[in-house]
Amino acid sequence: MTAALFVLISLGVLTGLWWLFFAGIRADMDAIAEINARRARRDKARKESR
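Undergrad: Which residues make up the overall build of the protein, and what values do they have?
TA: Assigned secondary structure in the protein consists of 1 helix and 0 strands. At 22 Å, the protein has a C-alpha radius of gyration far larger than the 10 Å of a compact globule built from 50 residues. With respect to the three principal axes, the spread of C-alpha positions in the protein is 75 × 5 × 5 Å. The 50 residues of the protein split such that 0% are buried. Counting 9 positive and 5 negative side-chain charges, the protein places the averaged centre of each group 6 Å from the other.

In structure tokens, the structure reads:
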């Protein structure tokens, strides 16, 4: 009984950590895309102002 409980708890912890990790990666990718979009807009504006 305690072994089954231990397995369930460790699985829950592992899935929680995995989801946190995955959400963190997705947030980082969104942030990188936002930075790249800003840089592209800035470069475009700089080219047009010449």
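Now that the structure has been shown, we can carry on.
Undergrad: Got a sec to walk through the environment of Ser-49? Specific residues and values, please.
TA: Here Ser-49 lies in helix α1 (residues 2-49). Between the alpha carbons of Ser-49 and Ala-3 there is a distance of 69 Å; along the sequence they are 46 residues apart.

Undergrad: Please give an account of the pattern of salt bridges that cites residues and values.
TA: Evaluated as defined, the whole model comprises 1 salt bridge. For Glu-34, the salt bridge goes to Arg-38, with nearest N and O atoms at 3.5 Å. In this pair, Glu-34 and Arg-38 are both assigned in helix α1, 4 residues apart and thus about one turn of the helix distant. By relative accessible area, Glu-34 is classed as partly exposed at 38%.

The rules we used
- Residues numbered from 1 in each chain as written.
- Predicted model: local features only at pLDDT ≥ 70, side-chain atom pairs only at ≥ 80, totals over all residues.
- Heavy atoms only, no water.
- Helix = DSSP H or I, 4+ residues; strand = E, 2+ residues; numbered from the N terminus.
- Rg over C-alpha atoms; globule rule 2.2 N^0.38 Å.
- Buried < 20%, exposed > 50% of the residue type's maximum accessible area, 1.4 Å probe, protein only.
- Lys, Arg positive; Asp, Glu negative; His and termini not counted.
- Charge placed at Lys NZ, Arg CZ, Asp CG, Glu CD.
- Salt bridge = Lys/Arg side-chain N within 4 Å of Asp/Glu carboxyl O.

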